[in-house]
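Spelled out, the chains give:
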Protein chains: 2
Amino acid sequence: MSPSPSPSPSPSPSPSSSVEAPGHEAQPTARRLRRLRSHLTPTAPPSPPPGGADRLEMLACARAAKLEVDTARLCEFMRGRHRGVQEQVFAYFNSRPDLQTPVEISKDEHRELCMRQLLGLVREAGIRPFRYVSEDPEKYFAIMEAAGSVDMSLGIKMGVQYSLWGGSVINLGTKRHRDKYFDQIDSMEYPGCFAMTELHHGSNVQGLQTTATFDLITDQFVIDTPNDGAIKWWIGNAAVHGKFATVFAKLMLPTHDARGLADMGVHAFIVPIRDMETHKTLPGIEIHDCGHKIGLNGVDNGALRFRSVRIPRENLLNRFGDVSRDGKYMSSLPTINKRFAATLGELVGGRVGLAYSSVGVLKIAVTIATRYSLLRQQFGPPKKPEVSILDYQSQQHKLMPMLASTYAFHFATLYLVEKYSEMKKSHDDQLVGDVHALSAGLKAYVTSYTAKSLSICREACGGHGYAAVNRFGSLRNDHDIFQTFEGDNTVLLQQVAGDLLKQYKEKFRGGTLAVTWNYLRESMNTYLSQPNPVIARWESEEHLRDPKFQLDAFRYRTSRLLQSVAARLQKHTKTLGSFGAWNRCLNHLLTLAESHIESVILAKFIEAVERYFHFL
Amino acid sequence: MSPSPSPSPSPSPSPSSSVEAPGHEAQPTARRLRRLRSHLTPTAPPSPPPGGADRLEMLACARAAKLEVDTARLCEFMRGRHRGVQEQVFAYFNSRPDLQTPVEISKDEHRELCMRQLLGLVREAGIRPFRYVSEDPEKYFAIMEAAGSVDMSLGIKMGVQYSLWGGSVINLGTKRHRDKYFDQIDSMEYPGCFAMTELHHGSNVQGLQTTATFDLITDQFVIDTPNDGAIKWWIGNAAVHGKFATVFAKLMLPTHDARGLADMGVHAFIVPIRDMETHKTLPGIEIHDCGHKIGLNGVDNGALRFRSVRIPRENLLNRFGDVSRDGKYMSSLPTINKRFAATLGELVGGRVGLAYSSVGVLKIAVTIATRYSLLRQQFGPPKKPEVSILDYQSQQHKLMPMLASTYAFHFATLYLVEKYSEMKKSHDDQLVGDVHALSAGLKAYVTSYTAKSLSICREACGGHGYAAVNRFGSLRNDHDIFQTFEGDNTVLLQQVAGDLLKQYKEKFRGGTLAVTWNYLRESMNTYLSQPNPVIARWESEEHLRDPKFQLDAFRYRTSRLLQSVAARLQKHTKTLGSFGAWNRCLNHLLTLAESHIESVILAKFIEAVERYFHFL
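Chain A is annotated in an unreviewed UniProt entry as Acyl-coenzyme A oxidase from Eucalyptus globulus. Looking at chain A in UniProt, the text filed under Sequence similarities (unreviewed entry) is "Belongs to the acyl-CoA oxidase family." According to the UniProt record, the Subcellular location (unreviewed entry) comment for chain A is "Peroxisome".

Printed below as a string of structure tokens:
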């Protein structure tokens with residue numbers, strides 16, 4: 001199902017293949033692989049399969065799986081209760097051709113158009129996404145997907161305004177912030193920014209260098225950019241439209257000892273950046289335009305530098321930590337690390353939205369490519385009409401697993417959105433952890449897959465795929481950064497691996513396991529004490545097609561990877577320290593994380609297929 | 001060395017892995033793989049390797065391979081005798097900032113700028129590429145690579161003018177065409193097009209439907225577009241600048257029987273499309289703009305429709321087939337297929353140029369990504385400075401094999417260019433076949449690899465990789481179509497596979513083998529009668545590092561794939577016919593082609609490294 005099964009000119013084994021087969025299973029593994037191959041692949045070698053009789057033919061499989069599809073029912077099942085609001089978004093933009101993004105548009109025009117699109121959506125179409133950010137996240141993400149399919153810049157600008165700027169105010173602030181800002185954020189009267197990333201610090205948020213120093217005399221925070229590397233960079237809404245920014249900075253409190261100042265860790269502050277009337281940049285603030293990007297040029301990313309910018313003490317978003325009038329720090333959370341985790345934990349919604357929207361992009365691309373491949377004909381048997389290019393094995397190999405994956409990802413991200421909604425209501429600790437790791441993993445996995453698939457779809461559509469009107473270019477350029485923003489994919493997968501290791505250790509201490517990886521407990525007990533299920537069990541068609549067996553195989557793989565990397569980490573930590581050991585095992589860890597996410601995706605896919613048959 | 005080792009959520013084995021291990025070798029294979037793994041991979045499982053003592057440590061390897069590099073000498077070795085002309089191109093554009101392509105430019109402005117760039121190169125900088133197309137192809141491709149690195153649109157526009165339009169005139173025409181057109185093509189007085197592709201026929205060139213009917217009375221050909229599907233599409237230089245087009249059309253000759261017309265197959269004709277003075281489109285010709293593309297918007301692609309456009313008989317490019325005044329067909333080649341093959345054979349230069357230029361793009365991308373990864377620091381051990389992101393195993397895994405592949409591709413494409421130059425001089429039949437298949441295979445393999453690598457490089461550079469000024473976006477958008485034009489990669493790989501099968505059959509008939517796959521004869525005799533060299537031989541470090549052993553392993557794989565697919569094709573042809581059998585084995589055939597190309601690339605890499613040590 002990998003979108004790019006590219007061959008390798010060097011004999012370097014992939015990380016996953018290199019950690020699979022333990023020594024004592026070598027012979028049965030090879031036998032089993034041979035057997036599976038004879039069942040599953042049309043490119044099997046001509047050497048006679050061990051049991052020629054039970055060999056499946058691909059065409060027979062296709063016939064066996066023939067399904068009468070009621071497309072209306074399937075559509076209802078897939079799009080669910082938020083179809084209505086999505087249709088509303090589409091109807092609005094269909095009625096306003098002047099708001100549709102042309103193929104050629106300059107950066108500056110695109111930014112203005114994108115702002116008009118968002119204002120139109122909010123003020124004319126009457127779709128007010130902000131309330132749904134906390135009240136009904138499923139609906140919020142459905143609106144975001146629809147807006148993003150009109151122009152991805154619109155989806156992202158909406159996300160900057162409501163998930164990031166608005167989300168930081170309502171999730172990191174308290175009632176006083178909600179009362180003061182909610183309505184104006186909702187109505188777009190206060191367009192705002194989310195100023196976290198700095199030029200020198202993206203992934204490493206704890207390394208941010210911007211400071212917010214409390215001034216006891218004036219009861220204000222003073223925001224400063226201490227060096228060029230600390231300039232806030234890539235800040236959406238900053239270059240042109242933003243009035244405010246949520247600025248992440250180290251909170252510095254005066255002490256009575258020789259140090260003078262104590263670093264209380266990264267906190268978030270509301271900083272006005274432009275005048276409400278004149279829209280001029282406020283004193284002490286310097287704004288630069290980050291200029292052209294590969295895509296998303298409808299979003300105005302800018303850079304912000306602060307020179308002794310004073311804000312009232314109330315502008316600290318004080319849900320997880322506050323400063324009293326006399327400069328005392330107060331928090332219900334005991335350590336910097338706990339407060340930092342709680343702060344970042346509230347921002348997980350952006351990641352959920354990206355995973356969900358990325359599947360939306362994949363849906364568009366795979367639909368265009370599959371339809372074209374059915375219509376386009378090229379070559380054929382002698383003296384016969386040319387055949388659809390989808391009839392070629394190579395084209396099927398490119399597109400059909402991608403189509404299946406799109407369904408699987410749809411259900412997996414819907415599940416994530418449901419869990420996230422539950423979490424926003426219950427604030428259950430275990431659920432928070434589960435959603436955090438699952439959103440990191442799915443965001444990384446799905447966006448990487450979609451990025452690769454967009455290139456494959458373009459190539460599968462040949463020259464006509466290269467015409468700008470056919471959208472692969474803008475989809476790829478806009479989607480590309482999904483792999484990086486809201487957490488670099490390679491970093492996010494490490495968080496998943498870290499979480500799995502934590503769960504693994506807790507299992508040994510008898511602790512509880514979070515919802516999504518309950519299977520690990522079971523599998524650790526079942527699988528690792530028994531032979532590999534892929535080897536040991538039956539080989540009949542019925543068994544091989546059994547979703548339970550398939551899921552077992554995926555979970556077994558994750559369990560083995562987890563067990564083996566834990567042992568390797570333990571070994572290397574002795575000589576390399578924990579940072580060095582982690583790096584030595586990094587590709588193993590990434591494979592573990594991907595393997596886990598694949599298990600979750602498969603599980604959710606199987607559940608959804610069963611649900612569908614009940615739904616019919 | 002695969003640029004995207006993405007994991008697969010379904011248990012579908014890759015085509016190559018599924019055809020490797022024959023049954024009787026299962027146990028030694030598994031043992032051997034285990035052994036190799038313990039040598040080569042840093043993610044080996046914690047189960048004790050069979051011979052712990054001879055296990056290689058990655059760091060030790062790195063130390064062992066430490067090389068004092070004389071960069072000046074290496075540069076001299078790599079860039080060779082064409083460094084001078086490339087420096088001349090760069091110096092010219094450095095001296096003319098007004099000719100440099102800005103980050104934001106509209107399609108129409110870009111087209112005009114690109115034309116000015118080409119005119120400047122030819123008329124001001126005094127670089128006249130056209131003569132080198134036949135006299136010194138190595139120099140021609142060096143100019144093209146340099147021009148393409150200034151703006152890929154320039155490289156492609158230059159290729160349209162000199163390789164395609166100019167190349168068709170001098171390679172498919174005869175002295176009368178050269179005399180009449182050479183100087184004006186050279187000087188850009190006659191900008192021209194290469195009108196082969198039609199809306200409904202791209203890869204299937206023999207399916208073209210445009211007709212050129214001979215009119216005995218007027219001694220003219222009448223060019224017609226019989227239906228919308230036959231409109232010439234994506235024709236570079238057509239939308240704005242072209243004065244002429246080489247039009248590929250079915251030559252229809254009047255007969256004296258009931259049929260009235262005989263189809264003599266696809267031939268090429270020079271058709272004036274715009275007035276030399278007024279630049280107006282000529283009567284009977286309709287030109288549409290193909291509009292925005294994903295990239296290369298400096299090239300003006302258009303669509304051409306012909307309505308009874310009359311051209312003199314002399315405008316037939318008559319090297320491989322001619323028509324006499326009285327409508328008789330004359331050719332030294334006996335069949336339509338032979339003439340078609342000869343015609344297409346002359347156009348192989350475009351493919352050679354693309355493979356070569358694609359490596360140029362890869363060089364730029366991998367350089368930017370590697371340099372950034374050395375400079376960018378993020379995270380680190382506690383209380384220590386942050387580390388370069390290139391110190392992370394995951395980043396190394398992304399970029400280092402890519403860097404090595406870039407060197408390998410450089411040498412392999414240089415070899416192709418040399419063979420092509422030889423072929424242009426000797427016209428040796430075997431060399432023609434060899435260059436045809438090798439150019440198809442290298443073009444497909446290298447452009448696919450570069451396309452994937454561009455995405456990996458962007459992602460490896462995080463947010464800053466997304467800034468347009470850092471070039472990954474324009475490189476990817478411009479390069480993308482390299483996978484499709486001058487032959488769709490999937491189609492080209494099939495030509496390689498077809499050629500290998502032809503060679504394989506000839507071996508059995510005692511025929512000779514073409515230069516590049518001489519190894520097949522040897523390997524067929526040696527390997528297939530002996531056990532797999534990967535299994536049977538020694539396991540010492542010295543042996544595993546021996547290039548001869550490595551090459552043996554690659555060649556063994558190709559031989560096995562060739563033998564197995566030949567047997568499968570034979571089997572399936574009985575029931576499915578040859579077209580059906582080919583399609584049933586398509587992924588197997590593509591894997592065979594890639595495997596062969598990888599063998600060639602490795603061989604050329606090994607040779608170049610040896611040459612370098614002599615050169616020092």
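Engineer: Lay out helix α15 (residues 472–479) of chain B with the relevant residues and their values.
Structural biologist: The buried fraction of α15 of chain B is high, at seven of eight residues. Among all positions in α15 of chain B, only Phe472, Gly473, Leu475, Arg476, Asn477, Asp478 and His479 of chain B are buried. Its buried side turned inward, α15 of chain B meets α15 (472–479) of chain A together with α8 (152–172), α11 (348–375), α13 (429–460) and α14 (462–465) of chain B.

Engineer: Describe in detail the sheet that holds strand β4 (residues 232–235) of chain B, supporting the description with residues and values.
Structural biologist: Residue and element names in this part refer to chain B. Pairing is antiparallel in the open sheet, where three strands are placed in the order β4-β8-β7. Of all strands in the sheet, those with a lone pairing partner are β4 and β7 (285–289), marking the two edges. The mean inter-strand angle of the sheet, taken between neighbouring strand axes irrespective of direction, is 25°. Relative to strand β8 (residues 302–306), β4 runs antiparallel, the two sharing two bridges. Paired with Ile235 across the strands is Gly302, a residue of β8.

Engineer: Lay out the side chain of Arg313 of chain A with the relevant residues and their values.
Structural biologist: All names here are of chain A. Relative to the helices and strands, Arg313 is located in the loop between β9 (309–312) and β10 (322–323). Residue classification places Arg313 among the buried residues on the basis of a relative accessible area of 15%. Looking at Arg313, its side chain comes within polar contact range of the main-chain oxygen of Val323, at 2.8 Å. Every residue in contact with Arg313, bar those within four places of it in the chain, is listed here: Arg176, Phe214, Asp219, Gln220, Phe221, Val323, Ser324 and Arg325.

Engineer: Explain the side chain of Lys293 of chain A residue by residue, including any values.
Structural biologist: Examined against the element boundaries, Lys293 of chain A turns out to sit in the loop between β7 (285–289) and β8 (302–306). Buried charge Lys293 of chain A goes without a salt bridge, the closest partner of opposite sign being Asp289 of chain A at 7.2 Å. A distance of 2.8 Å separates a polar atom in the side chain of Lys293 of chain A from a polar atom in the side chain of Asn301 of chain A. Among all residues touching Lys293 of chain A, those that are not within four sequence positions of it are Trp234, Val299 and Asn301 of chain A together with Tyr466, Ala467 and Ala468 of chain B.

Engineer: How would you sum up the UniProt feature "domain: Acyl-CoA oxidase C-terminal" (unreviewed entry) in chain A? Please name residues and give values.
Structural biologist: The UniProt record marks residues 546–610 of chain A with the feature "domain: Acyl-CoA oxidase C-terminal" (unreviewed entry), using the residue numbering of this structure. Secondary structure content for residues 546–610 of chain A is 97% helix and 0% strand, while the C-alpha to C-alpha distance between its ends is 13 Å.

Engineer: Go over the pattern of salt bridges with me, naming the residues and quoting the values.
Structural biologist: Counted under the stated rule, the structure contains 61 salt bridges over all chains. Note that Asp219 of chain B and Arg325 of chain B form a salt bridge whose closest N and O atoms lie 3.6 Å from each other. With a gap of 106 residues between them, Asp219 of chain B in the loop between β2 (211–215) and β3 (220–224) and Arg325 of chain B in the loop between β10 (322–323) and β11 (329–330) connect regions that are remote in the sequence. On the basis of relative accessible area, Asp219 of chain B is assigned to the buried category, the value being 16%. One continuous salt-bridge network, built from bridges that share partners, spans Lys107, Asp108, Arg111 and Asp289 of chain A.

Engineer: I'd like to hear about the sheet that holds β8 of chain A, residue by residue, with values.
Structural biologist: Residues and elements named next belong to chain A. The strand order across the open sheet formed by three strands is β4-β8-β7, and the pairing between neighbours is antiparallel. Each of the sheet's edge strands pairs with one partner strand only, and the pair in question is β4 (232–235) and β7. Neighbouring strand axes in the sheet, compared pairwise and without regard to direction, differ in orientation by 25° on average. As paired elements, β7 and β8 share five bridges and run antiparallel to each other. Following the sheet pairing, Ile285 is matched in β8 by Phe306.

Engineer: Give a detailed account of the packing of aromatic side chains, specifying residues and quantitative values.
Structural biologist: Enumeration according to the criterion identifies 48 aromatic pairs over all chains in this entry. Centre to centre, the rings of Phe77 of chain A and Phe411 of chain A are 5.9 Å apart; their planes meet at 50°, and the pair counts as tilted. Residue Phe77 of chain A is found in helix α3 (residues 71–79), and its partner Phe411 of chain A is found in helix α12 (residues 393–426); the two are separated by 334 residues along the sequence. Comparing Phe77 of chain A with Phe411 of chain A, the two get one shared label, buried. A centroid spacing of 5.0 Å and a plane angle of 65° characterise the contact between Phe221 of chain B and Phe269 of chain B, whose relative ring orientation is edge-to-face. In this pair, Phe221 of chain B sits in strand β3 while Phe269 of chain B sits in strand β6 (residues 261–272), placing the two residues 48 residues apart along the sequence. Of the residues examined, Phe221 of chain B reaches a relative accessible area of 0% and is grouped as buried. Given the relative accessible area of 0%, Phe269 of chain B is considered buried.

Engineer: Outline unusual backbone geometry, listing residues and values.
Structural biologist: The backbone of Asn237 of chain A shows a phi angle near 75°, a positive value even though the residue is not glycine. Note on placement: Asn237 of chain A falls in the loop between β4 and β5 (244–254). In this structure, Leu296 of chain B is a non-glycine residue whose phi angle is positive, near 55°. Tracing the backbone shows Leu296 of chain B in the loop between β7 and β8.

Engineer: Describe the pairing of strand β6 (residues 261–272) of chain A, with residues and values.
Structural biologist: Residues and elements named next belong to chain A. Extensive coverage of β6 is indicated by the burial of nine of its twelve residues. Relative to β6, β5 runs antiparallel, the two being bridged by ten bridges. Counted as the bridge partner of Ala245 is Val271 from β6. Taken together, β5 and the strand that follows it, β6, pair antiparallel across an intervening segment of six residues, in which Gly260 is found at a positive phi of about 90°.

Engineer: Help me get a handle on a nonpolar patch on the surface, residues and values and all.
Structural biologist: Together, Val609, Phe613 and Leu616 of chain A line one region of the surface with nonpolar side chains, adding up to about 270 Å² of accessible area. Among the secondary structure elements, Leu616 of chain A is positioned in the segment after α21 (586–615).

Engineer: Summarise helix α9 (residues 175–186) of chain B; cite the residues concerned and give the values.
Structural biologist: Residues three or four positions apart in an α-helix share a direction because the helix packs 3.6 residues into each turn. Residue and element names in this part refer to chain B. With twelve residues, α9 should cover 16 Å at 1.5 Å per step; its first-to-last C-alpha distance of 16 Å lies within 8% of that length. Elements that come into contact with the buried residues of α9 comprise α5 (107–124), α6 (130–135), α8, β5 (244–254) and β6. Of the residues one or two after α9, Met188 is the one with positive phi, at around 75°.

Calculation criteria
- Residues numbered from 1 in each chain as written.
- Chains lettered and ligands numbered in written order.
- Predicted model: local features only at pLDDT ≥ 70, side-chain atom pairs only at ≥ 80, totals over all residues.
- Heavy atoms only, no water.
- UniProt positions renumbered as here; feature names shortened; annotations may be inferred.
- Buried < 20%, exposed > 50% of the residue type's maximum accessible area, 1.4 Å probe, protein only.
- Helix = DSSP H or I, 4+ residues; strand = E, 2+ residues; numbered from the N terminus.
- Contact = heavy atoms within 4.5 Å.
- Pairing = 2+ DSSP bridges.
- Axes fitted to C-alpha atoms, helices over the stretch in contact; angles between N-to-C directions.
- Polar contact = N/O pair within 3.5 Å; in protein donor to acceptor, adjacent residues only side chain to side chain.
- Lys, Arg positive; Asp, Glu negative; His and termini not counted.
- Salt bridge = Lys/Arg side-chain N within 4 Å of Asp/Glu carboxyl O.
- Phe/Tyr/Trp six-rings, centres within 6.5 Å; stacked < 30°, edge-to-face > 60°.
- Patch = residues over 30% accessible without salt bridge, like charges linked within 9 Å, V, L, I, M, F, W, Y side chains within 5 Å.
- Areas by Shrake-Rupley, 256 points an atom, 1.4 Å probe, with all protein chains shown as cover.
- Expected span 1.5 Å × (residues − 1).

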